[in-house]
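Okay, here's what each chain looks like letter by letter:
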Amino acid sequence: MKKTLLEFTDSGIYCPKADVYLDPWRPVSKALISHAHADHSRWGHQHYISHEFSTPIIKHRLGGVEIASKKWGERFSIQGVHFSFHPAGHIVGSSQIKVEHKGETWVFSGDYKTYDDGYTTPFEPQKCDVFITECTFGIPSFKWPSQELIFDQIQQWWKENAEKGITSVLFGYSLGKAQRLSFHLREEVGPLLLHPVIHAHNEVVGSVKSLPPHQKLDKNIDPKKLKTALILAPPNAQDASWLKKWMPYKTAAASGWMATRGARRRRGYDTGFVLSDHADFYELTNAVKATEAQHVICTHGYTEIYSRFLNSKGIYATTADTPFEDEPVTTEEEKP
Ligand SMILES: [Zn+2]
């Protein structure tokens, strides 16, 4: 029997029986939000419902919006349809959204990774009939190294620069990547300094899940400290006038895209570290299998290629258009 609990509309993923949307991209009356990234959590809805860890982050980014907070696994009903949030392992508060009605179960993944990064609440697989999945890195060449290896590479790069009196500038997305780096990097050779946008995000995210207290980067910083420092900055702070202040420096980016040589060169970084908050191809495939879904809908990333791959393995898969982004490089609110 055709599953009809959710449908894709011009405003977003819609549940007609409950009259609510999941991560809608146009203003609606009631929105369930998977996580606080700008392409999933948009301004203009009348009522928001999210996981309790996402609530302060969404408020920080969108201002005084009305949000009802839920705990992991807490079931709540809207017009007889049951909803619940389950950890997605992507950033703090990121959730898969489960929708159940009369024996039919759908799960919307939002963005996710199954790798336990030691900071974000780890992904929990959910069985369902229909699984709506992202597939940002849905081709076999994306296979992530362990994060321990990557963090060692970053520490080594930082140490080599510090020994020469060169400031290390590491670019990582301000919500998610920056907290993962702030949590794991160790101040062995110098201070870890946070760009003001990242400092503000760390304060709000740190209020729900604690983070080490790193210093904010400002004009009064002691130049001697700078020589051995690692500055953590959002990708769009890469503009020359901002960077010039920290001369001499070396730049690097932490992103899944750094797995491809071309991306690193195009964006002009000296070094790239392969670190993503999205699942690689193999994580995606294990996650899809764990749902035991009869139908998989691929929403963003390598949708065509990945859905063809699933069909070739006997898993019925289709695609749907959404404005959700791949691992973002910049967003409006990150302008320095
Ligand atoms: Zn995201």
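Residues numbered from 1 in each chain as written. Predicted model: local features only at pLDDT ≥ 70, side-chain atom pairs only at ≥ 80, totals over all residues.

Engineer: When you look at the sheet that holds strand β11 (residues 130-135) in this model, what are you seeing that I'm missing?
Structural biologist: Strands in a sheet are paired, the pairing made by backbone hydrogen bonds, and the direction either parallel or antiparallel. Spatially, the 7 strands line up as an open sheet ordered β7-β8-β9-β10-β11-β18-β19, and their pairing is mixed. In this open sheet, the two edge strands, each paired with only one partner strand, are β7 (76-78) and β19 (317-319). Averaged over all adjacent pairs, the angle separating strand axes in this sheet is 25 degrees, with direction ignored. Bridge count for strand β9 (residues 95-101) against strand β10 (residues 104-108) is 5 bridges, and the pairing is antiparallel. Across the sheet, the residue bridging to K98 is V107, located in β10. Across the sheet, helix α8 (residues 281-291) touches β10, β11 and β18 (295-301), and the angle it forms with β11 is around 175 degrees. (Pairing = 2+ DSSP bridges. Helix = DSSP H or I, 4+ residues; strand = E, 2+ residues; numbered from the N terminus. Axes fitted to C-alpha atoms, helices over the stretch in contact; angles between N-to-C directions. Contact = placed C-beta atoms within 7 Å.)

Engineer: Explain the confidence of the model for the protein chain here, please?
Structural biologist: Where the model shows low pLDDT, its predicted coordinates should not be examined in detail. The share of residues in the protein chain with pLDDT of 70 or more is 95%, and the mean pLDDT across the chain is 93. Predicted confidence is poor over residues 329-336, with pLDDT under 50, and the contacts of this stretch with residues over four places away or in other chains come to 15 contacts. (pLDDT = per-residue confidence, 0-100.)

Engineer: Could you clarify how one ought to interpret unusual backbone geometry in this entry?
Structural biologist: Peptide bonds are mostly trans, and most non-glycine residues show a negative phi. A cis amide bond, omega -10 degrees, links M247 with the succeeding residue P248. Looking at the secondary structure, you find P248 in the loop between α6 (240-244) and β16 (249-254). One non-glycine residue, D19, adopts positive backbone phi at about 55 degrees. Tracing the chain through its elements places D19 in the loop between β2 (13-15) and β3 (20-22). Backbone geometry at K102 places phi at a positive 45 degrees, although glycine is not the residue there. Inspection of the secondary structure assignment puts K102 in the loop between β9 and β10.

Engineer: Would you explain the domain arrangement of the protein chain in this entry?
Structural biologist: You'll often see interface size given as the accessible area lost when the parts meet. In terms of domain boundaries, the protein chain breaks down into domain 1 (7-141 + 277-334) and domain 2 (147-273). Its C-alpha centre places domain 1 at a distance of 29 Å from the equivalent point of domain 2. For the side of domain 1 that touches domain 2, a count of residues per class yields 10 nonpolar, 6 polar and 4 charged. (Domains from an automatic or database assignment. Nonpolar A, V, L, I, M, F, W, Y, C, P; charged D, E, K, R; others polar.)

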